[in-house]
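Examining the three-dimensional arrangement
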Amino acid sequence: NAGVTQTPKFRVLKTGQSMTLLCAQDMNHEYMYWYRQDPGMGLRLIHYSVGEGTTAKGEVPDGYNVSRLKKQNFLLGLESAAPSQTSVYFCASSYDSGQTYEQYFGPGTRLTVT
Amino acid sequence: GDSVTQMEGPVTLSEEAFLTINCTYTATGYPSLFWYVQYPGEGLQLLLKATKADDKGSNKGFEATYRKETTSFHLEKGSVQVSDSAVYFCALRAGSYQLTFGKGTKLSVIP
């Protein structure tokens, strides 16, 4: 199993450009998440999904959109990138099974917006 | 709302030193508590967890005990190694599938 994979690993955008980050998981997890990690801020939840076709806002959703058309994929879109969106983005997935709950993380995408 | 406060870093220790990283939380109900570790250039991995009061989570020589009376989940290791150098995150889950993370503590272990 590959676990959680993210594409691309690195990207540089100019202000105003758009892009889509792809997250894929092969563990048949229902729940998927997008976080951003900034120095001194820990991880902040951007959007999440509790199943195919459903999405919801997290703590910092502004400037981002998401889609979950297939259970195994969760896409994060930036329609008009801003320098404030320079960050490392992590995708995660989980299967909610009570006491065995665990979020599995991808390796991250480092995005720079100039 | 739910929150996690962990000690600010960075923390620098010599190899074989004792490690403590403090973590306290605020949450409604009875949260599950987690420690995640992030090695350089990688994503987060679950290190250990505890799901109820007085539970002790342990893995790779690390331990943490869920203390409801002090709302704490401090991470400890008796003898750190250079390979333990990483960023450590305390997190909680309170009644949902979402995690609330602390800001992370960077640990550097020098030979």
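A brief structural summary. As the structure is a prediction and not an experimental result, all values here were calculated from the model. (Residues numbered from 1 in each chain as written. Chains lettered and ligands numbered in written order. Predicted model: local features only at pLDDT ≥ 70, side-chain atom pairs only at ≥ 80, totals over all residues. Heavy atoms only, no water.)

All names here are of chain A. In this model, Thr7 is joined to Pro8 through a cis peptide bond whose omega is -5°. Its place among the elements puts Pro8 in the loop between β1 (4–7) and β2 (10–13). One non-glycine residue, Asn28, lies in positive phi territory at about 60°. Within the fold, Asn28 resides in the loop between β3 (19–25) and β4 (31–38). For Asn28, a relative accessible area of 52% gives the class exposed. (Helix = DSSP H or I, 4+ residues; strand = E, 2+ residues; numbered from the N terminus. Buried < 20%, exposed > 50% of the residue type's maximum accessible area, 1.4 Å probe, protein only.)

Turning next to the environment of Asn1 of chain A. Summarising the element assignment, Asn1 of chain A is placed in the segment before β1. Separated by 74 residues in sequence, Asn1 of chain A and Leu75 of chain A place their C-alpha atoms 20 Å apart.

Turning our eyes to something else, we now look at the nonpolar core. Residue and element names in this part refer to chain B. Ranked by size, the top nonpolar core spans 27 residues in total, and within it Trp35, Leu47, Leu48, Phe73, Leu75 and Tyr88 carry the most contacts. Elements with a minimum of two residues in this core: β2 (11–14), β3 (19–21), β4 (23–26), β5 (32–38), β6 (44–50), β8 (62–65), β10 (86–93) and β12 (105–110). The element that contributes the greatest number of residues to this core is β10, accounting for four residues. Those residues in contact with Leu48, other than ones at most four positions away along the chain, are Leu33, Phe34, Trp35, Gly57, Ser58, Asn59, Phe62, Glu63, Ala64, Phe73 and Leu75. (Core = buried A, V, L, I, M, F, W, Y, C linked by side-chain atoms within 4.5 Å. Contact = heavy atoms within 4.5 Å.)

Glancing now at the sheet that holds strand β9 (residues 75–77) of chain B. Residues and elements named next belong to chain B. The strand order across the open sheet built from four strands is β3-β9-β8-β7, with neighbouring strands paired in antiparallel fashion. Taken across any chain shown, the strands that pair with only one partner, and hence form the sheet edges, are β3 and β7 (56–59). Taking each pair of neighbouring strands and ignoring which way they run, the sheet shows an average axis angle of 15°. Examined bridge by bridge, β3 and β9 share three bridges and lie antiparallel to one another. Across the sheet, Ile21 pairs through a bridge with Leu75, a residue of β9. (Pairing = 2+ DSSP bridges. Axes fitted to C-alpha atoms, helices over the stretch in contact; angles between N-to-C directions.)

This part takes up the interface of chain A and chain B. As a measure of interface size, the accessible area lost when the parts come together is often cited. With 22 residues of chain A at the interface, the matching set in chain B holds 18 residues. Roughly 1700 Å² of surface becomes buried between chain A and chain B when both sides are summed, with 55% attributable to carbon and sulfur atoms. At the boundary of chain A and chain B, one finds three residue pairs in polar contact (both at pLDDT 80 or more). For the side of chain A that touches chain B, the elements supplying multiple residues, two or more each, are β4, β5 (42–51) and β10 (103–105) of chain A. In terms of residue count, the dominant contributor to the side of chain A that touches chain B is β5 of chain A (five residues). Of the residues belonging to the side of chain A that touches chain B, the class tally is 12 nonpolar, eight polar and two charged. (Buried area = accessible area lost by both parts, 1.4 Å probe. Polar contact = N/O pair within 3.5 Å; in protein donor to acceptor, adjacent residues only side chain to side chain. Nonpolar A, V, L, I, M, F, W, Y, C, P; charged D, E, K, R; others polar.)

So, on to the state of the cysteines. If you walk through the whole model with that rule in mind, you get two disulfides over all chains. A disulfide bridge connects Cys23 of chain A with Cys91 of chain A, and the sulfur atoms are separated by 1.9 Å. The S-S bond linking Cys23 of chain A to Cys91 of chain A shows a torsion near -75°; that makes this disulfide left-handed. Of this pair, Cys23 of chain A sits in strand β3 while Cys91 of chain A sits in strand β9 (residues 87–94), placing them 68 residues apart in sequence. A residue is classified by how much of its surface remains accessible, and Cys23 of chain A, at 0% relative accessible area, is buried. Sulfur-sulfur distance for the disulfide between Cys23 of chain B and Cys90 of chain B comes to 1.9 Å. As the torsion about the S-S bond is roughly -70°, the Cys23 of chain B-Cys90 of chain B disulfide counts as left-handed. Of this pair, Cys23 of chain B sits in strand β4 while Cys90 of chain B sits in strand β10; the two residues are 67 residues apart in sequence, bridging distant segments of the chain. The two residues Cys23 of chain B and Cys90 of chain B agree in class, both being buried. (Disulfide = S-S within 2.5 Å.)

Time to look at the pairing of β4 of chain B. Residues and elements named next belong to chain B. Here β4 shows one buried face, formed by Cys23 and Tyr25, and one open face, formed by Thr24 and Thr26. Pairing between strand β1 (residues 3–6) and β4: four bridges, direction antiparallel. Note on β4: the bridge partner recorded for Thr5 is Thr24.

What follows deals with the pairing of β9 of chain A. Residues and elements named next belong to chain A. Counting buried positions along β9 yields eight of eight residues, so the element is predominantly enclosed. Because side chains alternate across β9, one face comprises the buried residues Ser87, Tyr89, Cys91 and Ser93, and the other comprises Val88, Phe90, Ala92 and Ser94, equally buried. The sheet contact formed by β4 and β9 spans seven bridges and is antiparallel. If you follow Met32 over to β9, its bridge partner there is Ser93. Relative to strand β11 (residues 109–113), β9 runs antiparallel, the two sharing three bridges. Bridging across to β11, Val88 finds its partner in Arg110. Across three bridges, the pairing between β9 and β10 is antiparallel. Paired with Ser93 across the strands is Tyr104, a residue of β10.

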